[in-house]
Amino acid sequence: MTRYLCFVLVLLCFGAHAQEAKRDSLVKLLARDLTDTTRVNALIEMAKIEVDAKNKSSADSLFQSALTIARQMNRIDDKAKAFESVGHYQLKTRAYDSAVIYYKKALEIDKEQNNILALARNHDNAGTAYFYKGDYNQTLYHFLERLSYCEQLGDSTCVSAASNNSGLVLINLGRYEDAISYTLRSLKIDEDLGYKQGILSSQMSLGNINYYLKNYDKAIEYYLDIVATCETMENQELRISHAYNNIASIHFQQKEFKKAAEFYKKSLVLEEEFGNEGGIALKYNNLGSVHKELNEYSTAESYYRKALSMREELGDLYGMSSTENNLGQLYLAKGVPAIALGFYQSALGHAEQAGSLEASKIAYEGIAKSYKNQGRYRLSLESYEHFLRLNDSLLNAEKTKKITELEARYDSEKKESEIALLKKNEELQQAQLVQQEASLRANKLLRNILFVGVAVLLIVVFLIVYGYKQRLAAKELVEKNQRETEAIRSRFFAGISHEFRTPLTLISAPVVQLQKKYQNEKETYGMLGLIHRNADRLLKLINQILDLSKLEEGKLRLHVAKDSIISWLRVISASFTSLADSKNITFTQSFPETDIISFFDKEKIEQILSNLLSNALKFTPNGGKVALLVEQNGQDLNIEVRNTGPQISEEDKTKIFERFYQSDIHDNSQGTGIGLALVKELTELHHGSVAVQSNKKYTTFSLLLPLNDDSYATEIKVEPKDVSPKNGTPEVGLSEESSLDPANQTDLPIVLLAEDHRDLRSYVSGQLSDMYSIKEAQNGRMAWEVAEKELPDLIITDLMMPEMDGEAFLEKIRGDSKTQHIPIIMLTARKEQESKLKTIGKGADHFLTKPFEIEELRVRIKSLLEQRKRIQDYHKSQFLTNPKAEAITSSDDRFLQKVGHILAKNLDNSSFSVDEFADKMSMSRVQLYRKMKATIGYSVSDFIRQYRLKKAYEYLKSGKGTVSEIAYDVGFNNLSYFTKAFKEAYNLKPSEMLQKTS
């Protein structure tokens with residue numbers, strides 16, 4: 001019900017003279033020799049008067065005359081004004097689409113003429129027409145355009161009105177923070193101008209925002225302030241009415257229905273005095289809702305019918321559907337579903353004409369309830385299905401659930417109804433047996449009753465069985481479609497995987513030959529190794545996909561040999577030691593003391609354990625723990641892989657072994673969703689089982705494999721062989737240590753590279769090392785530590801990284817005054833435009849999508865560093881030329897202003913050192929040096945000297961004192977050194993400078 005208790009958002013309020021006097025004045029005006037523009041305006045005004053007087057034919061005739069003149073005009077600016085007037089008439093007669101057309105025609109001409117004032121006015125007109133249409137996005141566009149032109153005009157009153165109207169529309173769009181911003185801007189302007197009308201409009205908007213945010217006490221405070229102010233002014237009845245209406249709506253929300261009725265009636269009195277028919281209808285509708293909640297149904301119906309009658313006269317389709325829905329609810333509450341049904345059906349027709357899905361949805365829901373209360377269950381079900389289709393915010397599962405519940409309720413209620421009928425007939429039979437002495441007639445009646453009862457019971461049973469079979473068939477169809485979809489997807493991946501194997505072979509084989517040829521050339525050999533490792537990684541992924549496909553088709557068989565399974569597990573786990581060490585992870589292993597000889601497939605066991613250990617090490621943070629625990633439990637072998645790290649949610653536990661599933665908690669890690677699915681399939685192929693447990697301390701994957709020979713009786717038997725794991729030692733990437741010699745790179749720009757993929761990090765570092773000093777980090781947290789300490793000249797960071805991703809790292813860089821000047825290039829595998837815009841919006845300077853060309857990266861680095869150099873040169877010239885003249889518009893400006901304040905306070909302190917300077921700036925000596933070089937291009941000591949010399953120049957130019965006095969004032973205690981430094985800077989001695997100014 002409360003969804004219909006809407007606020008009246010007032011855009012403009014206009015007063016008017018008495019209609020008769022105005023008509024007489026216009027008739028006299030039209031009798032004169034007028035310009036076409038004046039005649040069009042006069043005819044339009046006359047037409048509006050006729051509309052108010054409900055003389056539609058006369059109004060249409062006057063309007064057509066005005067339109068004919070407007071179309072025949074030759075002067076383009078007159079034509080624009082005429083179209084504007086036509087738009088006003090269409091707005092007056094609620095022909096909103098036509099109003100928009102004519103306002104846009106006027107706008108086209110205004111734009112050609114570059115008439116800023118007219119553009120501002122007609123954007124406001126178009127926005128108003130769209131507002132009444134309910135198209136708030138178009139409304140906002142036109143109001144913001146008006147605001148832009150008002151700003152060009154420098155008209156504060158216009159800017160205030162446009163800002164306030166924009167705020168009103170943003171309230172309707174639910175963008176309350178933006179609405180507050182525009183409204184407060186309008187309020188400040190009106191307060192400065194002392195414009196009471198504008199202040200009241202802004203207060204009304206702020207009250208409405210607080211209402212929608214459910215800050216009811218604050219909202220009422222605004223509304224009462226408006227009432228108090230309006231009571232001291234003239235012609236404010238309508239504004240007071242709106243305030244009363246909004247206060248009533250708050251009391252309604254708080255279920256204080258008596259208070260709600262009191263304020264709605266106050267509002268109604270004012271609306272009736274003003275003659276605002278739409279407002280009167282709204283108050284009648286709201287009062288009806290209040291009295292319905294008070295169970296005063298007769299009073300409620302009276303108000304609703306008054307509202308409906310007025311809305312029918314106004315042609316307000318949406319309002320009619322709203323009131324009819326309310327009447328339907330009222331009659332349902334009164335227990336008269338037949339009348340309720342009529343109102344709901346009428347509401348549905350008007351809602352569909354008005355294009356209101358919300359009102360249509362409510363009508364369908366009411367129709368379903370009306371049919372249900374009449375016992376017309378099938379029609380109720382059909383109407384409810386219409387309701388569910390419109391209610392698109394519900395999940396499909398919820399929709400299905402509600403339909404199922406309705407069907408079950410139908411079956412249940414139908415059955416109960418039939419049982420009640422049987423009982424009633426039995427009671428009737430008993431009464432008849434008592435009353436009738438003729439047992440034959442009584443027995444015949446009983447047989448008939450029983451026959452009908454059995455027939456009805458059979459029908460009910462048939463309906464229940466039929467409904468169950470239908471639901472079962474639907475469920476089987478869904479499951480069949482899912483199986484077919486999964487099969488198609490698996491065949492696709494298997495097919496494309498086969499296609500990948502040939503080109504990968506043609507990559508790997510020549511690379512191996514080239515490695516042998518260039519094994520003595522370190523750089524070339526390293527690049528070839530990078531290619532070979534990643535080709536092998538792709539081949540492993542392809543093999544996993546093919547294995548999944550074979551498992552699905554039943555073509556993958558075990559090839560078991562009787563051998564030492566514990567020894568094989570030790571070999572596999574040992575190959576992961578170096579990977580754990582490289583990540584500073586404690587890797588512990590526990591095996592039974594006695595060996596175990598059993599049948600097992602070496603290749604399958606290797607794939608299972610390697611996947612589990614790789615995952616454990618990948619998702620364990622640096623300094624964490626991974627444990628492999630193997631123990632015999634009777635005829636079974638229990639294998640546990642346990643690691644510290646993020647906890648797996650209950651929802652993820654149920655899906656983690658599904659193919660291609662990836663958990664949200666691992667958004668910042670790369671993966672395919674294949675590994676764990678393959679682990680489960682291969683474990684079950686090995687007649688075992690796998691499970692996962694996770695808490696805040698550990699995540700544990702548990703394998704249970706049978707050791708008895710009977711489990712492998714039907715498997716293919718092979719002889720045991722001495723083989724090494726095919727997966728080999730897991731990749732640990734290249735060394736973390738940079739191969740660059742810092743002693744040779746002190747003059748090179750420092751570039752920080754944050755990338756969790758080791759090979760990619762090593763490759764990019766190697767490609768850039770000839771021009772830049774590279775600092776590396778494998779995640780955002782480590783990158784932040786390096787950036788804070790080193791203050792690099794540029795940062796290259798991946799978006800997806802563990803511990804701290806690129807977005808969080810970017811926020812920390814831009815949020816710290818020491819680092820916020822550093823240019824940043826973001827690398828990512830994501831291609832979505834939204835992701836790029838979001839990252840750039842948070843402060844990234846460039847965005848590169850993987851895979852990228854290294855040359856493009858070089859060009860972007862060079863461009864950003866050159867851009868930074870131009871900024872340095874600008875700050876150098878501006879700050880030292882006139883350090884007080886700059887406005888504080890950026891982080892660089894704030895830094896330089898702080899520098900200037902500190903130097904000014906210590907200008908005459910000749911012992912003021914770099915260490916003392918760094919301490920006052922809350923930086924280390926190195927950080928201050930790097931920040932100063934990045935911002936202005938000077939070392940700290942050079943900058944202090946240049947600043948002192950510039951001040952000396954100013955003092956000498958103004959004749960502030962003698963050379964020696966000025967030298968000491970700016971911090972030089974050695975006069976000869978001062979003279980020498982000044983001459984080097986300005987090509988003349990201080991004494992010569994002093995003579996020139998005297």
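Residues numbered from 1 in each chain as written. Predicted model: local features only at pLDDT ≥ 70, side-chain atom pairs only at ≥ 80, totals over all residues. Heavy atoms only, no water.

S.K.: Provide a residue-level description of the overall build of the chain, including the pertinent values.
M.R.: A count of helical and extended segments in the chain gives 39 helices and 13 strands. Within the chain, buried positions represent 45% of all 998 residues. Taking as baseline every contact in the chain between residues at least 6 positions apart, the subset at least 24 positions apart corresponds to 62%. Surface accessibility of the chain: about 52300 Å² in total, with carbon and sulfur atoms responsible for 51%. (Helix = DSSP H or I, 4+ residues; strand = E, 2+ residues; numbered from the N terminus. Buried < 20%, exposed > 50% of the residue type's maximum accessible area, 1.4 Å probe, protein only. Contact = heavy atoms within 4.5 Å. Areas by Shrake-Rupley, 256 points an atom, 1.4 Å probe, with all protein chains shown as cover.)

S.K.: Hey, could you go over the nonpolar core for me, with residue numbers and the actual values?
M.R.: One recurring pattern in soluble globular proteins: nonpolar side chains tend to sit buried together. If you look at the biggest cluster of nonpolar residues, it comprises 40 residues, and the most contacted ones within it are L569, L637 and I639. Elements represented by at least two residues in this core include exactly α23 (565–574), α24 (577–582), α25 (602–618), β4 (625–633), β5 (636–643), α27 (675–685), β6 (689–694) and β7 (699–706). The element that contributes the greatest number of residues to this core is α25, accounting for seven residues. If we skip the residues at most four places from it in the chain, L637 touches I565, I566, L569, I596, V630, E631, Q632, L703, L704, L705 and L707. (Core = buried A, V, L, I, M, F, W, Y, C linked by side-chain atoms within 4.5 Å.)

S.K.: Account for α27, naming residues and giving values.
M.R.: Taken together, the buried positions of α27 are occupied by G675, L676, A677, L678, V679, L682 and T683. H687 sits one or two positions beyond α27 and adopts a positive phi of about 65 degrees.

S.K.: Help me get a handle on the state of the cysteines, residues and values and all.
M.R.: Counted under the stated rule, the structure contains one disulfide. For C150, the disulfide goes to C158, at an S-S distance of 1.8 Å. Looking at C158, the relative accessible area reads 12%, which means it is buried. (Disulfide = S-S within 2.5 Å.)

S.K.: Quick rundown of unusual backbone geometry? Include the residues and the values.
M.R.: Backbone geometry at K214 places phi at a positive 65 degrees, although glycine is not the residue there. Summarising the element assignment, K214 is placed in the loop between α10 (196–212) and α11 (216–230). Residues other than glycine seldom take positive phi values, yet E803 does so here, at roughly 70 degrees. When you line up the elements, E803 lands in the loop between β11 (794–798) and α30 (806–815).

S.K.: Help me get a handle on the sheet that holds strand β8 (residues 716–717), residues and values and all.
M.R.: Spatially, three strands are ordered β3-β1-β8 in an open sheet, and the strand pairing comes out mixed. In this open sheet, the two edge strands, each paired with only one partner strand, are β3 (597–600) and β8. For strand β1 (residues 559–564) and β8, the ladder comprises two bridges, and the chain directions are parallel. Counted as the bridge partner of H559 is I716 from β8. Contacting β1 and β3, α23 runs over the sheet at an angle of about 95 degrees to β1. (Pairing = 2+ DSSP bridges. Axes fitted to C-alpha atoms, helices over the stretch in contact; angles between N-to-C directions.)

S.K.: Give a description of the environment of N643 that names residues and reports values.
M.R.: With respect to the helices and strands, N643 occurs in strand β5. Sequence separation of N643 and A627 is 16 residues, and the distance between their C-alpha atoms is 6.3 Å. Beyond its immediate stretch of four places on either side in the chain, N643 contacts A616, F619, T620, K625, V626, K697, Y698 and T699. A polar contact of 3.3 Å, which involves the side chain of N643, links it to the side chain of T620. (Polar contact = N/O pair within 3.5 Å; in protein donor to acceptor, adjacent residues only side chain to side chain.)

S.K.: Now, about the packing of helix α12 (residues 237–253) against helix α14 (residues 277–293): what can you tell me, with residues and values included?
M.R.: One way to put it is that α12 packs onto α14 with a least axis distance of 12 Å and a crossing angle of 25 degrees. Judged by the angle between their axes, α12 and α14 are roughly parallel. Judged by the twist between their axes, the crossing of α12 over α14 is left-handed. Between α12 and α14, the residues in contact are S241, N245 and F252 and L282, K283, N286, S289, V290 and E293, respectively. For the contact of α12 with α14, the per-class residue count stands at three nonpolar, four polar and two charged. (Parallel < 35°, antiparallel > 145°, perpendicular 65-115°, else oblique. Left-handed = near helix turned anticlockwise from the far one by under 90°. Nonpolar A, V, L, I, M, F, W, Y, C, P; charged D, E, K, R; others polar.)

S.K.: A description of the sheet that holds β11 should follow, citing residues and the corresponding values.
M.R.: In spatial order, the strands read β10-β9-β11-β12-β13; together these five strands make up an open sheet with parallel pairing. Two strands lie at the open edges of the sheet, namely β10 (773–777) and β13 (846–849), each paired on one side alone. Across the sheet, the mean angle from the axis of one strand to that of its neighbour is 20 degrees, orientation sign disregarded. Where β11 lies against strand β12 (residues 824–828), four bridges are found, and the strand directions are parallel. From the neighbouring strand, I795 faces β12, where its bridge partner is I824.

S.K.: Let's hear about the confidence of the model for the chain: which residues, and what values?
M.R.: Averaged over every residue, the pLDDT of the chain is 77; the share at 70 or more is 74%. Note that residues 666–670 has pLDDT below 50 and, in this model, 11 contacts with residues that lie over four places away or in other chains. (pLDDT = per-residue confidence, 0-100.)

S.K.: Describe the packing of aromatic side chains, naming the residues involved and giving the relevant values.
M.R.: As enumerated under the stated definition, the model contains 18 aromatic pairs in all. Consider the rings of F131 and Y136, whose centres lie 5.6 Å apart with planes at 55 degrees: the pair is tilted. Under the relative-accessibility criterion, F131 is labelled buried at 11%. Residue classification places Y136 among the partly exposed positions, given a relative accessible area of 25%. Taking 5.8 Å as the distance between ring centres and 15 degrees as the angle between the ring planes, the aromatic pair formed by Y176 and Y212 counts as stacked. (Phe/Tyr/Trp six-rings, centres within 6.5 Å; stacked < 30°, edge-to-face > 60°.)

S.K.: Explain the pairing of strand β9 (residues 750–754) residue by residue, including any values.
M.R.: Regular strands place side chains that alternate from one sheet face to the opposite one. Within β9, five of the five residues are buried, leaving the element largely enclosed by the surrounding structure. Side chains of β9 alternate between two faces, with I750, L752 and A754 and V751 and L753 buried alike. One ladder, built from four bridges, connects β9 with β11; its direction is parallel. By the bridge assignment for β11, A754 is matched with T797.

S.K.: Quick rundown of the pattern of salt bridges? Include the residues and the values.
M.R.: Taken as a whole and judged by the stated rule, the model has 23 salt bridges. With a shortest N-O distance of 3.0 Å, R858 and E855 are connected by a salt bridge. Of this pair, R858 and E855 both sit in helix α32 (residues 854–881), separated by three residues, roughly a single helical turn. A network of salt bridges, in which partner residues are shared, links E301, R305 and K334. (Salt bridge = Lys/Arg side-chain N within 4 Å of Asp/Glu carboxyl O.)

S.K.: Could you give an account of the environment of N41, with specific residues and numbers?
M.R.: Here N41 is to be found in helix α2 (residues 36–52). Linking N41 and Y89, residues 48 residues apart in sequence, is a C-alpha distance of 10.0 Å. Beyond its immediate stretch of four places on either side in the chain, N41 contacts K81 and S85.

S.K.: Before we move on, can you summarise the side chain of D816 with the specific residues and values?
M.R.: Along the chain, the position of D816 falls in the loop between α30 and β12. Relative accessible area serves as the criterion here: at 15%, D816 is assigned to the buried category. At 2.8 Å, the side chain of D816 and the backbone nitrogen of K818 are in polar contact.

S.K.: Account for the packing of α12 against helix α13 (residues 257–274), naming residues and giving values.
M.R.: Direction vectors running N to C along α12 and α13 enclose 160 degrees, while the axes themselves pass 8 Å from each other. By the angle between their directions, the pair α12 and α13 is classed as roughly antiparallel. The element α12 and its partner α13 pack so that their crossing is left-handed. From α12, E237, L238, I240, S241, H242, Y244, N245, I247, A248, S249, H251 and F252 reach across to α13, where they touch F257, K259, A260, F263, Y264, K266, S267, L270, E271, E273 and F274. Considering only residue class, the contact of α12 with α13 consists of 12 nonpolar, six polar and five charged.

S.K.: Break down α12 for me, with residues and values.
M.R.: The end-to-end C-alpha distance of α12, which contains 17 residues, comes to 25 Å, matching closely the 24 Å that a straight helix rising 1.5 Å per residue would cover. Of all 17 residues making up α12, 15 are buried, and the element is well covered by its neighbours. (Expected span 1.5 Å × (residues − 1).)

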